[in-house]
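A look at the structure
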Amino acid sequence: MPRTASRLLATGAAILLGAGTLGCGVLGQVKQAADNVQAIGKLADRLGKSGELTFTADYKTDDGKTTTVVQQPPKAAYLGADGRFILTEDSLYQCTGKAGTKIVCNKSPVQTGDLSKSDRAAYISAVAGGGFISAEMAFALMTAAAVVPGVKIEENSATIAGQKSDCLDVTGIPKDQDPNAVTAKEFHVCVSENGLLTRFKGVGTDDKAIGVELTKYSDKADPQAFVPPKGAQIVENTAPPTPGN
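The paragraphs below set out a description of the structure included in this document. Here the structure is a predicted model, which means the values were calculated and not measured.

About the cut-offs
- Residues numbered from 1 in each chain as written.
- Predicted model: local features only at pLDDT ≥ 70, side-chain atom pairs only at ≥ 80, totals over all residues.
- Heavy atoms only, no water.
- Pairing = 2+ DSSP bridges.
- Helix = DSSP H or I, 4+ residues; strand = E, 2+ residues; numbered from the N terminus.
- Axes fitted to C-alpha atoms, helices over the stretch in contact; angles between N-to-C directions.
- Phe/Tyr/Trp six-rings, centres within 6.5 Å; stacked < 30°, edge-to-face > 60°.
- Buried < 20%, exposed > 50% of the residue type's maximum accessible area, 1.4 Å probe, protein only.
- Contact = heavy atoms within 4.5 Å.
- Core = buried A, V, L, I, M, F, W, Y, C linked by side-chain atoms within 4.5 Å.
- Salt bridge = Lys/Arg side-chain N within 4 Å of Asp/Glu carboxyl O.

Strand order in the open sheet formed by 12 strands is 7-8-9-10-11-1-2-3-4-5-6-12, with mixed pairing between adjacent strands. Each of the sheet's edge strands pairs with one partner strand only, and the pair in question is strand 7 (152–160) and strand 12 (233–236). The sheet shows a mean angle of 15 degrees between the axes of neighbouring strands, taken without regard to direction. With six bridges connecting them, strand 1 (residues 55–61) and strand 2 (residues 66–72) associate as antiparallel partners. Counted as the bridge partner of T56 is V70 from strand 2.

Okay, structure coming up:
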């Protein structure tokens, strides 16, 4: 059993065991919490396997921008309007500049597994914009919401860019002062049968809309996506630059 599922199911078991000591008025809330864990755990497991996929996917954000994600493990590339972020087996490239202008790529010796999730998210936001939600970000929000008391979840389905997807509507997330808590008030997330994030729409705790939707998909990856653009200036670094700089 995948680790995410086992962790969430263990949480669900603890919730149900605790129900035996609670009054009838609380029993319904306990059952809802256990159901939430099961619903989110199933979809989160599928999304967690997306790192094993080879694909090219175009995503449109709420502000109308398009970001292309290309993945061929362990390589990944995020191509945005203002630059690109590339991870290979042994290097990280952070490229700035639009097509037709001078492009500068900072190259750093970083192995894929050595980059923290928070740094990776920051690099992605730098090229795709703050409203872009990657699979890793969606996964983190889903697993965090699974154990928040009072959250309501509805399951549904959709076909997005030709990909049959299972979806969840997650509402009623309370605001929390904990910086590690869920950073969305509500969200709608869809994951395809093969584990690809196909849609994420939400409202952050700052009341700003966040989200992406898949508009085009291929199970192929162009090797040129994992190298800097032709003519780009390459700046060698001994450590990665600060994301966004």
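Moving on, there is more to tell.
What follows deals with the packing of aromatic side chains. A full pass over the atoms with the stated rule returns three aromatic pairs. With centroids separated by 6.1 Å and ring planes inclined at 80 degrees, the aromatic side chains of Y59 and F132 adopt a geometry described as edge-to-face. With a gap of 73 residues between them, Y59 in strand 1 and F132 in the loop between helix 3 (117–128) and helix 4 (135–145) connect regions that are remote in the sequence. Taking the relative accessible area as the measure of exposure, Y59 reaches 6% and is therefore buried. Taken together, a centroid distance of 6.0 Å and an interplanar angle of 20 degrees make the contact between Y78 and F85 stacked.

With that out of the way, let us pick up the environment of M142. Along the chain, M142 falls in helix 4. The buried category is assigned to M142, whose relative accessible area is 0%. Along the backbone, M142 and L47 are 95 residues apart, and their C-alpha atoms lie at a distance of 10.0 Å. Leaving out residues up to four positions away in the same chain, M142 has contacts with I40, L43, A44, L47, F187 and V189.

The next point concerns the nonpolar core. One finds Y59, F187, V189 and F200 to be the most contacted residues of the largest nonpolar core, which totals 48 residues. Here the element with the most residues in this core is helix 4; it accounts for six residues. Here Y59 is in contact with K65, T66, T67, V69, F132, L196, L197, V212, E213, L214 and T215, once residues within four sequence places are set aside. Membership of the second largest hydrophobic core comes to 12 residues, among which are V70, L79, C95 and A225.

As enumerated under the stated definition, the model contains six salt bridges in all. For the salt bridge of K42 with E155, the shortest nitrogen-to-oxygen distance reads 3.6 Å. Residue K42 is located in helix 2 (residues 24–48), and its partner E155 is located in strand 7; the two are separated by 113 residues in the primary sequence. Of the two residues, K42 and E155, both sit in the exposed class. Of the charged contacts, one joins K220 and D219 as a salt bridge, the two residues approaching to 3.0 Å between their closest N and O atoms. Residue classification places K220 among the exposed positions, given a relative accessible area of 56%. Under the relative-accessibility criterion, D219 is labelled partly exposed at 47%.

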